[in-house]
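The primary structure of each chain is shown beneath.
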Amino acid sequence: MKASEARWGGGVTLLLFLFIFLPLLAVLINVVFPGFFFGKFEYGGFGLVGEIFHRPLWRQSLWNSLLLALGAATLGTVIGGALATVRARWNFAAGRLLDTAAWLLLIAPSFMIAQGWVLFASADGLVHQWLGWTWATSFIFSPSGLVFVMALSKFPLAYLAIVAATEWNVRQFGQAARLNGAKPFSVWRTIELPLALPSFLAGWTLVFMDTIGDFGLPAALATVYKFPTLTYSIYSAIYQSPVRFDMAGVLAFYLVVLLALAMTLLLFAVRRSRFDFLNAKAVRTAQEKPRHAWAYNGAVGAFLLVCLGVPIGSSAAVSLLKRTGEGFAANNLTLEHYRSLFAGVAGDHRLLGYLEGLYHSLSIAAVAAVFSMLIGFVTAYVLSFTESRFKSALQLFSVVSLAVPGVVLGIGYIFIWNQKWLEPIGLHLYGTPALLVVAGIAGAIPYAVRVQMGAFGTLSGTMLKAAAIQGAGVFDRMRHIVLPLVRQSLLMATLASFGTSIFDLALASMLKPANYSLMPLVIDKAFEFSQYGYATAATVVSCAIVVLLILALQTAGRWLFRRLDRNRL
C-alpha cells in the first residue's frame, strides 16, 4: 500500500516541481550563472544583484513596486478590516452584496479593473465629461492614486481573511475583563487586538504579495502614465530590443526575495494564531440588526459603487459610445464596437482578431482546467489521506504556487523550455501553444488543490483504510470512494481553474507563439492603441461568454450527477 502511495505522491510531486518550482529555481540560478541557460557556464557571482542600486530604471522599478505594495497592503487592510468587523457584527441587506462583490473583485483580472479606472479618470475620461472633476486625473495618475486604486481592487483578500477569523465570538473574555475593572481601551489592547492581529497580519501579507506581483495595473497604465514596476520592467527587458535576460533575471530575483519575506511573515502570522479559545463553550458570532440599517446599507452601497461600479461601469459605458470625448448623449450611442468584434480586423495593425483570440483562450483554458483538476485531485488526496514521504515537498510546492507571479513563472519557462537540446526529443515548447497550456495548469493548480482539500477535509479516512485492507489500490479508492463524494467540488475546482486561466495577461504576453492571438492580448493591444470602444466591447462580451459558459457547465454537471444517481437506484 505504501509503495503505491509513494508512486502517486512521487508522480504529482515531479509534475509540480516541473511546472512550478523548476521555473522559480531557474530564475535564481540565472542570477549567479547569467549564461547558464544560453550555453555559457560562467560563474558571475552576486555582482549583478548589486547593479540595481546603480541603474536608475532598475532602482525606480524596485522602489515603485515597494511603494505600491506597502501602500496598497496597508490601505487595503484598513478597508478590509473595517468592512469585515462591520459585516461580522451586524446583519444588514448590503452585507451579502458586499460578500459577492469581494469575490467578483478577487477573480476579476486586474488589467480590466485598471483599464476601467483609466477610462474613468484620464484627461478625456468620463469623470471630466460628466462631473467636470479635473482634479481626479492628477490624483489617480499619481503614486497615491495608484495605491488607492490598487487597495480598492485588492482589499477582498484582507476582508475574507479577517471575516473568517471573526466567526467565533470572543466577547466573553472582554466581559470578564470589564467585570474585573478593565477599561474599554485595556480590553481592546490586551484581548481583542492580540486575538485579531494574526488575521490582520495575514490579510496585509496577502494583499502585499498580490500587489507586488501584479502585472495588469502597470500594463494598463503604460499608455497614459509612466510608473515602472518590477513586473513591467521584467516584461520590457524581454520584449524590447536589445533583449536583456540578465536584467529580467535580476529584477525577478528581487521579486522572489520580497515574496519570500512576505511568505515568512504570513507563516509567522499563522503560527501566532491562537485557537485555544475554541473549547466546548465556544459560540459562533451572532449578527444583530443595527439600529440604523439604512446607514450601513448606504455606506456599503456607496463604497461598492466606487470600487466596482466605476471600473466596470466605465468600460460598459465606453463600449456603447461612438466617440469617448463626446459624452453619453443619444446621438453618440452605438453598437458598432460590438459588431466590429465579429466583422474581422484585416489590414488594421492596431487590432487583433477577436474570434481567433477567443477560440485560442477558451481552448487553452479548457485543457489547462481539466489537467489542473486531475493533478489537484491527486495532490489533495496524497496530502489528505496518505503518509507519503513526498507530502512535505507537495505542501511546499502548493504553497509556493500561490505566491509566484505570472511574470516570474513566464521568465522561468523561457529559461527552461527554450533549450536547443530539447528540440530532438520534441520538448522545445517555447513558442508553442503547449507551453501556454503548461503555464495555465501551473497557474490553476493552487485553486484546484485548495478547493479540493476543502472538500476532502469533510471525509473520513476510515472508509479508505477499510477499502485498502480489502485490497483496493489507490486508484480504486480514488475512483470508487472519493470521486463520487467530492464530484461537486471537483466540478467547481475545474470551473474556477477555467475562469482564472482565460485572462492571464502576464503569461499570454510572455509565452505566446508568433502571430498567435489570445483574448487578453486582443483587449490589451486595442487599449494600447487607444481603440477603447473595441477593447471595452471585447471585455464585456468575453466576460459575459465566460460567465455563461461556467453557469451552463455547472448546470449540466448537476444534471449529469442527478442522472447518474437515479441510474444507481
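Residues numbered from 1 in each chain as written. Predicted model: local features only at pLDDT ≥ 70, side-chain atom pairs only at ≥ 80, totals over all residues. Heavy atoms only, no water.

Caption draft 1: Spotlight on the environment of Met373. Along the polypeptide, Met373 turns up in helix α16 (residues 354-385). Note: C-alpha distance between Met373 and Ser186 (187 residues apart in sequence) is 49 Å. Non-local contacts of Met373, meaning those with residues more than four positions away in its chain, are made with Ala448, Gln452, Leu490 and Thr494. (Helix = DSSP H or I, 4+ residues; strand = E, 2+ residues; numbered from the N terminus. Contact = heavy atoms within 4.5 Å.)

Caption draft 2: Quick peek at a nonpolar patch on the surface. A surface patch of nonpolar side chains, amounting to about 740 Å² of accessible area, comprises Trp130, Leu131, Trp133, Trp135, Phe139, Phe328 and Leu333. If you list the elements that add at least two residues to the nonpolar patch, you get α6 (126-131) and α7 (135-140). (Patch = residues over 30% accessible without salt bridge, like charges linked within 9 Å, V, L, I, M, F, W, Y side chains within 5 Å. Areas by Shrake-Rupley, 256 points an atom, 1.4 Å probe, with all protein chains shown as cover. Salt bridge = Lys/Arg side-chain N within 4 Å of Asp/Glu carboxyl O.)

Caption draft 3: Layout of helix α20 (residues 461-469). Along α20, the positions that sit buried rather than exposed are Leu464, Ala467 and Ala468. Viewed end-on, α20 has its buried residues packed into an arc of 100°, placing them on one side of the element. In α20, the exposed positions that point more than 90 degrees away from the buried face belong to Thr462, Lys465 and Ile469. In this fold, the buried residues of α20 make contact with α16 and α21 (474-502). Within two residues after α20, Gly471 carries a phi angle of roughly 100°, on the positive side. (Buried < 20%, exposed > 50% of the residue type's maximum accessible area, 1.4 Å probe, protein only. Arc of directions from axis to C-beta.)

Caption draft 4: Structural context of the packing of helix α4 (residues 94-107) against helix α14 (residues 293-318). Running from N to C, α4 and α14 cross one another at 20°; their axes reach a closest spacing of 10 Å. When the axes of α4 and α14 are compared, the pair comes out roughly parallel. Seen along the crossing, α4 lies across α14 with a hand that is left-handed. Two secondary-structure elements touch here, α4 through Ala94, Leu97, Leu98, Ala101, Leu104 and Leu105 and α14 through Asn297, Val300, Leu304, Cys307 and Leu308. Residues of the contact of α4 with α14, tallied by class, amount to 10 nonpolar, one polar and no charged. (Axes fitted to C-alpha atoms, helices over the stretch in contact; angles between N-to-C directions. Parallel < 35°, antiparallel > 145°, perpendicular 65-115°, else oblique. Left-handed = near helix turned anticlockwise from the far one by under 90°. Nonpolar A, V, L, I, M, F, W, Y, C, P; charged D, E, K, R; others polar.)

Caption draft 5: Up close: the pattern of salt bridges. Applying the stated criterion across every chain yields a total of four salt bridges. With its nearest N and O atoms 3.3 Å apart, the salt bridge here joins Asp214 to Lys154. Taken together, the positions of Asp214 in the loop between α10 (184-212) and α11 (216-221) and Lys154 in helix α8 (residues 143-165) put the pair 60 residues apart, joining distant regions of the chain. For Lys154, a relative accessible area of 8% gives the class buried. The shortest N-O distance in the salt bridge between Glu336 and Arg339 comes to 2.5 Å. Remark: Arg339 and Glu336 occur in helix α15 (residues 336-343); sequence separation between them is three residues, near one turn of the helix.

Caption draft 6: Representation of empty space enclosed by the protein in the model. Enumeration over the complete set of coordinates arrives at three cavities of 30 Å³ or more. Taken as a whole, the largest cavity holds about 40 Å³ of empty space. Lining the largest cavity we find Ser110, Ile113, Ala114, Val149, Met150, Ser153 and Leu217. Elements represented by at least two residues in the lining of the largest cavity include exactly α5 (110-121) and α8. Class assignment of the residues belonging to the lining of the largest cavity gives a composition of five nonpolar, two polar and no charged. (1 Å grid on protein atoms, 1.4 Å probe; cavity = no way out; pocket = protein on both sides within 12 Å on 5 of 7 lines; lining within 4 Å. Points joined across faces, edges and corners; volume = space filled by probe spheres on them.)

Caption draft 7: Here's a closer look at the layout of surface pockets. As a volume, the second largest pocket reaches approximately 480 Å³. In this structure, the second largest pocket is lined by 22 residues; those nearest its centre are Tyr235, Leu521, Asp524, Lys525 and Glu528. Contributions of two or more residues to the lining of the second largest pocket are made by α11, α12 (230-239), α22 (505-511) and α23 (519-528). With five residues, α23 is the single largest residue contributor to the lining of the second largest pocket. Partitioned by chemical class, the residues of the lining of the second largest pocket number 13 nonpolar, five polar and four charged.

Caption draft 8: Geometry of unusual backbone geometry. Of note, the phi angle at Asn515 is positive, near 55°, even though the residue is not glycine. Within the fold, Asn515 resides in the loop between α22 and α23. Judged by relative accessible area, Asn515 falls into the exposed class, the value being 77%. Backbone geometry at Ser530 places phi at a positive 60°, although glycine is not the residue there. Tracing the backbone shows Ser530 in the loop between α23 and α24 (532-568). With a relative accessible area of 43%, Ser530 lands in the partly exposed category.

The quantities given are spatial measurements derived from coordinates; they are silent on function.
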